[in-house]
Amino acid sequence: MVKKNIYSLVVIVVFLLISCNKDQGETLIKSQGNIFGTYYNIIYDNDKNYQKSIDSLFGVINQVFSTYKDDSVISRVNRRDTTVVVDRMFEEAFEKAKRIYKETEGYFDPTIGKLINAYGFGSGKEKKNLSDVEVERLMKDVGFDKVTLKNGKVFIASETIEFNLNAFAKGFGIDIIGRFFESKNIKNYLVEIGGEIRARGRKKGSPWKVAIEKPNVDGTRSFHKIIELTDESMATSGNYRKYKINEKGNKIVHTVNPKTGLAQESNLLSVSVRMQGDCADVDAYATAFLAMGFEKTTEFLKEHPKLKVVLLYSEKGQEIKEFSN
């Protein structure tokens, strides 16, 4: 399965969780379950239940992107299986990832798979207490510029690179479900997987409402603020829950900085990004921003005004502050 972060950093507020409610001419159907190592919540306005189609699409997405399935397309690509000809879904994800890699100057990089494994957050073997020398060696295999796609074939320059699209696989999967709804002329829907969201239309005439969590380090859960979404996608990333303490007592977070190879916290505790577009995009941007840190992220936003954010940050354990635009 495509695993990423089993802890949701965005919580759908309680009044969204309606199974079937006829009001103002709407019939809201709710679907929920587990997928990609986390949970999903889907709400859409229609008389027909599309659960079988949703399950089928999830299966297709897993078969393409899961690094946990030996026979998936991406696993075969990583084994340098020369018989693999990728489909349109893979090609779209590849080109989207390449674009965001360039825009973020490498802070979003799908070639850090071996580093993710080494830190214990991937499908491969964990390496306990990585040394600086080992990180430097693994960093030699990082760089999306070493991977190309031509005529349905993926070419990887280094024999040791592991290509991994898990950083935005949830968002991409959400987009696939959303586009399916749109093909059925469903105009009002919300798809959420593990906190990433694609919302279109409205809920009973009002914007969809979701909540951003406070980055509580004590394990408690509480809301920071409510966000209204209309024809937008939103993704949130944070390191305050998913981390490890190694034998040296150092905190190892799940976001690996592609520039340094280190899995250290930046001064950004939580990043929520939204835009009128695909969820895969905001999913990738949120991952990149967490690695960038507060200062680089705010500079990036000046050049990309289409992106709206809520950044929760703190300097050396001081009071949590918010930046939003």
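Quick note: structure is the one above.
Please read all numbers here as calculations on a predicted model, not as lab measurements.

Moving on, we get to the overall build of the protein. Across its full length, the protein carries eight helices and 16 strands. Out of the 325 residues in the protein, the part that is buried amounts to 58%. Considering only contacts within the protein whose residues lie at least 6 apart along the sequence, 63% involve residues at least 24 apart. A total of about 14,700 Å² of accessible surface is found on the protein, and carbon and sulfur atoms cover 49% of it.

Turning our attention to helix H3 (residues 88-103). Over its 16 residues, H3 runs 22 Å from end to end, which matches the ideal 22 Å to within 8%, given 1.5 Å per residue. Looking only at H3, the buried set comprises Met 89, Phe 90, Ala 93, Phe 94, Lys 96, Ala 97, Lys 98, Ile 100 and Tyr 101. Each element contacted by the buried residues of H3 is listed here: helix H1 (51-65), helix H2 (73-78), strand S5 (147-150), strand S6 (153-156), helix H6 (169-183) and helix H7 (279-292). Capping the start of H3, Asp 87 holds a side-chain oxygen 3.3 Å from the backbone nitrogen of Met 89, two or three residues further along. Immediately beyond the C-terminal end of H3, within one or two residues, lies Glu 105, with a positive phi of roughly 55°.

With that out of the way, let us pick up unusual backbone geometry. Trans peptide bonds make up the majority, and among non-glycine residues the majority have a negative phi. We note that Asn 151 has phi near 55°; this positive angle belongs to a residue other than glycine. If you trace the backbone, Asn 151 turns up in the loop between S5 and S6. Phi is positive for Lys 204, close to 55°, though the residue is something other than glycine. In this fold, Lys 204 is placed in the loop between strand S8 (196-200) and strand S9 (208-213).

Next up on the list: the side chain of Thr 298. Assignment of secondary structure puts Thr 298 in helix H8 (residues 294-303). Of the residues examined, Thr 298 reaches a relative accessible area of 14% and is grouped as buried. Those residues within four positions of Thr 298 in sequence are excluded, and the remaining contacts are Leu 311 and Phe 323.

Let us look at the packing of aromatic side chains. Summed over the entire model, instances satisfying the criterion amount to 21 aromatic pairs. Judged by centre distance (6.4 Å) and plane angle (50°), the ring pair of Tyr 44 and Tyr 50 falls under tilted. Tyr 50 gets classed as buried once you look at its relative accessible area, which sits at 10%. Every member of this aromatic cluster is reached through a ring pair, and the members are Phe 65, Phe 90, Phe 94, Tyr 101, Phe 108, Phe 144, Phe 163, Phe 168 and Phe 172. The aromatic ring of Tyr 107 is capped on one face by Lys 259, whose charged end is 5.4 Å from the ring centroid.

Parameters at a glance
Starting from 1, residues in each chain are numbered consecutively following that chain's sequence as written. Local features in this predicted model are restricted to residues of pLDDT 70 or higher, and side-chain atom pairs are both shown and tallied only at a pLDDT of 80 or more, whereas totals for entire chains, interfaces and linings draw on every residue. Side-chain metrics rest on all non-hydrogen atoms present in the structure, leaving aside hydrogens and water. A helix here means a DSSP run of H or I that spans at least four residues, while a strand means a run of E at least two residues long, and both kinds are numbered starting from the N terminus. For every residue, the accessible area (1.4 Å probe, protein chains only) is compared with the maximum for its type, and the residue is labelled buried under 20%, exposed over 50%, or partly exposed between those bounds. Working rule for contacts: check all heavy atoms of both residues, and any pair within 4.5 Å makes them a contact. Each accessible area is a Shrake-Rupley estimate made with a 1.4 Å probe; only the visible protein chains count as cover when residues are assessed. By definition here, a helix of n residues has an expected span of 1.5 Å times n minus one. Pairing of N or O atoms within 3.5 Å defines a polar contact, subject to two protein rules: one partner must be a possible hydrogen donor and the other a possible acceptor, and residues neighboring in sequence count only if both atoms are side-chain atoms. Put simply, two rings from Phe, Tyr or Trp (the six-membered ring, in Trp's case) pair if the centres are within 6.5 Å, and we call them stacked under 30 degrees between planes, edge-to-face over 60, tilted for the rest. We call a charge positioned over a ring when the NZ of a Lys or the CZ of an Arg lies within 6 Å of the ring centre and within 35 degrees of the ring normal.

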